[in-house]
Amino acid sequence: MLLIRNGRVIDPATQTDALRDVRLDGDKIVEVAAPGQIQLDAHNGEIFDATGFIVAPGFIDLHAHLREPGQESSETIETGTKSAARGGFTAVCCMPNTKPVNDNASVTRFILDRAKASASVRVWPIGAASVGSKGEAIAEIAAMRDAGIVAVSDDGKPIATAKLTRQVMDYCLSLDLPVIEHSEDVSLAAGAVMREGVTSTRLGLPGMPAAAESVCVARDVQLAELTGARLHVAHLSAKASLEQVRSAKSRGLRVTCEVTPHHFTLIDEDVQYDSRYKMNPPLAARDDRKALIEGLADGTVDAIATDHAPHEPALKDVEFDRAPFGVLGFETALALALEQLVHAGRISLMRLVELFTTGPAKVLGMERKIWPGQPGDLTIFSFEQPWTYDVKQSPSKSRNSPFDGRQFKGGPVAAIVAGRMIHKK
Ligand SMILES: [Zn+2]
Ligand SMILES: [Zn+2]
């Protein structure tokens, strides 16, 4: 039993923004009431005083790489989900590009078994779209769905061809699963290590144009229209891609998208031969960032997702063009969203909470709500408390964050998963 007292409950599902006490029992929320209304003598469990803090539905990260099985020197389900809990996340969707690839039910079951044994937060696996994510034959999607996947993706790369994408979409439509696409035209992106532009020219680094992303988004939106399937564009970074998602939505297509904190915070000009700034899609142009923030504000963007991509220091501490793509994401996501979006006056706190909770839940066809009978998943955070991110303190096995040493105003305070306090600052 757990009682969260006197917090400011912000819940987009019920449009609540008010002081509330929330009581949890077992793995569920059992009571939500005005402060002081819940009978204390009936409660003999833990009490958390949330005075001055915001209490939100449990945050969901639609996009992360937990590296297990196969690359445990960079991350494991245990270390990755500890880091997620520190970031306030209560559920994490893990991408299938592990070794072996999660392209069949036995790998899905292995991930879920490891999660049961070692994870701090809920782990929702994403299955590969094609066998080995090689883009040749469709994976065993139905069997993986029965084993517990929540979506399919060949993330790390796009689904290789339009024909296979159509086939995957047809299949996923019948199973009611979203197809999550890493949108990239690999011929346009080949050999590139950052976004093409003035900065890539100045640094002498090979760049990919914005069209490397938006060409693939155009293909997939048209295939979503053809099939009627649910398409979710991962880590959308280009203005031209966002415009296509906006237009698809206005035509009633089931197209959604996510944006990462690094893409709404940084731009290509921030890249200085420092591999911590190397990720795929790469940091975009100033105009793209501006468009992403508009999309986050006007509802075109459905979710903030981290694309948490740990790489052990030995892999990442090399020259820029030799380093693998990817940055850590869990522990700085909320604070960056507060800094760039809320404190900067671009979105409301209600909208921020939506982007971390009901937004991603909807992409997965789920609900997220602070209400009796709902799962006992809550995220508690501060709005203004100053703190400094020190990557050395992270439970993650990797250190590849460009935000190490950054000072923040507001951030995660506690994560509650299935009625249990998992992380408390
Ligand atoms: Zn990707
Ligand atoms: Zn990814």
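Engineer: A description of the overall build of the protein should follow, citing residues and the corresponding values.
Structural biologist: Along the protein, the regular secondary structure elements total 14 helices and 18 strands. Scaling as 2.2 N^0.38, a compact globule of 425 residues should have a C-alpha radius of gyration of about 22 Å, and the protein matches this with 21 Å. A principal-axis box enclosing the C-alpha atoms of the protein has dimensions of 65 × 45 × 45 Å. When burial is assessed residue by residue, the protein has 59% of its 425 residues classed as buried. Contacts in the protein between residues far apart in sequence, at least 24 positions, make up 75% of those at least 6 positions apart.

Engineer: Tell me about the packing of helix α8 (residues 239-250) against helix α10 (residues 286-298), residues and numbers included.
Structural biologist: Here α8 crosses α10 at 25°, and the two axes come no closer than 8 Å. Looking at the two axes, α8 sits roughly parallel to α10. Taken together, the residues of α10 that come into contact with α8 (itself represented by K239, L242 and R246) are D287, D288, A291, L292, G295 and D298. When grouped by side-chain class, the residues that make up the contact of α8 with α10 number three nonpolar, one polar and five charged.

Engineer: Tell me what's going on with helix α1 (residues 77-86), and back it up with residues and numbers.
Structural biologist: For α1, the buried fraction is high: seven of the ten residues fall into the buried class. Among the residues of α1, I77, T79, G80, T81, S83, A84 and A85 are the ones counted as buried. Downstream of α1 by one or two residues, G88 has phi in the positive range, about 90°.

Engineer: Could you give an account of the coordination of the zinc ion (ligand 1), naming the residues involved and the relevant values?
Structural biologist: Geometry reference: four tetrahedral donors at a metal, ideal angle 109.5 degrees. Six octahedral donors, ideal angles 90 or 180 degrees. Looking at the zinc ion (ligand 1), the protein donor atoms are D155 (OD), H182 (ND1) and H235 (NE2), and they sit 2.0 to 2.1 Å from it. Mapped onto the sequence, the donors of the zinc ion (ligand 1) take the spacing D-x26-H-x52-H.

Each value, and the rule that gives it
Residues numbered from 1 in each chain as written. Chains lettered and ligands numbered in written order. Predicted model: local features only at pLDDT ≥ 70, side-chain atom pairs only at ≥ 80, totals over all residues. Heavy atoms only, no water. Helix = DSSP H or I, 4+ residues; strand = E, 2+ residues; numbered from the N terminus. Rg over C-alpha atoms; globule rule 2.2 N^0.38 Å. Buried < 20%, exposed > 50% of the residue type's maximum accessible area, 1.4 Å probe, protein only. Contact = heavy atoms within 4.5 Å. Axes fitted to C-alpha atoms, helices over the stretch in contact; angles between N-to-C directions. Parallel < 35°, antiparallel > 145°, perpendicular 65-115°, else oblique. Nonpolar A, V, L, I, M, F, W, Y, C, P; charged D, E, K, R; others polar. Donors = N, O, S within 2.8 Å, 3.2 Å for Na, K, Ca; no water.

In short, geometric facts, not functional conclusions.
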